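# Fold and geometry: a report
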Amino acid sequence: PPEELSVHEGEHCDTVRRFETPVRLLARVRVIVYLAMWYMLSVGYQVTNKKVLKVLSLPWSLSAFVVAVGCIPILALWLSGAREKPRNLEASDFLALVPIGFFHGVGLLSGTIGNAAGSVAFAQVVKAAGPVWTVLLTGLLLGERASHRVILALIPIVSGVGIATLSEVSFK
């Protein structure tokens, strides 16, 4: 909605509506397009994984393959100079990255195993639970409480997963 500004000149007060600039509007549209692309690519990734896992039921190997294939474009960007290479990591930097990498790997693996164990909908439930687990584990392991905004943001996530899975009770 446009913002309202009050302009005072002498005894007169006019309200002026200021509409979003084309740049701000384009930025919002771009975010929506990126979210839609992420969603479509995510579903395509899940369906493709399910097809592969039906032929070759090796979720650990598939997860490792996905990570290896994902490294190729990153290495190409670093080697071409299109993206700056990371600086040399010191031991403390590496130790800070280990838990992040570990939990990211657990998330990837659990999603792949979930896809192998059940339907694509089941894998999406596992994947959608990520933010909830992040809030819980951050509280338990780091002692950080989630803000009210974060907790409120979890409501549509949990509700959406619940609604999406109502019709698919068996997950087969």
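Residues numbered from 1 in each chain as written. Predicted model: local features only at pLDDT ≥ 70, side-chain atom pairs only at ≥ 80, totals over all residues. Heavy atoms only, no water.

Below, the discussion takes up the pattern of salt bridges. Any two side chains of opposite charge can pair, given that their charged atoms come close. Here the structure, examined in full by the defined rule, presents one salt bridge. For Arg-87, the salt bridge identified is with Asp-93, shortest N-O distance 2.8 Å. Among the residues examined, Asp-93 registers a relative accessible area of 19% and is labelled buried. (Salt bridge = Lys/Arg side-chain N within 4 Å of Asp/Glu carboxyl O. Buried < 20%, exposed > 50% of the residue type's maximum accessible area, 1.4 Å probe, protein only.)

Looking now at the side chain of Asn-49. In this structure, Asn-49 sits in helix α1 (residues 22-55). Note on Asn-49: relative accessible area 5%, which makes it buried. Every residue in contact with Asn-49, bar those within four places of it in the chain, is listed here: Leu-62, Thr-112 and Asn-115. (Helix = DSSP H or I, 4+ residues; strand = E, 2+ residues; numbered from the N terminus. Contact = heavy atoms within 4.5 Å.)

Geometry of an aromatic ring pair is reported as the spacing of the ring centres plus the angle between the planes. Scanning the entire structure with this criterion turns up one aromatic pair. Consider the rings of Phe-102 and Phe-103, whose centres lie 5.2 Å apart with planes at 75°: the pair is edge-to-face. Phe-102 sits in the exposed class, given a relative accessible area of 53%. With a relative accessible area of 43%, Phe-103 lands in the partly exposed category. (Phe/Tyr/Trp six-rings, centres within 6.5 Å; stacked < 30°, edge-to-face > 60°.)

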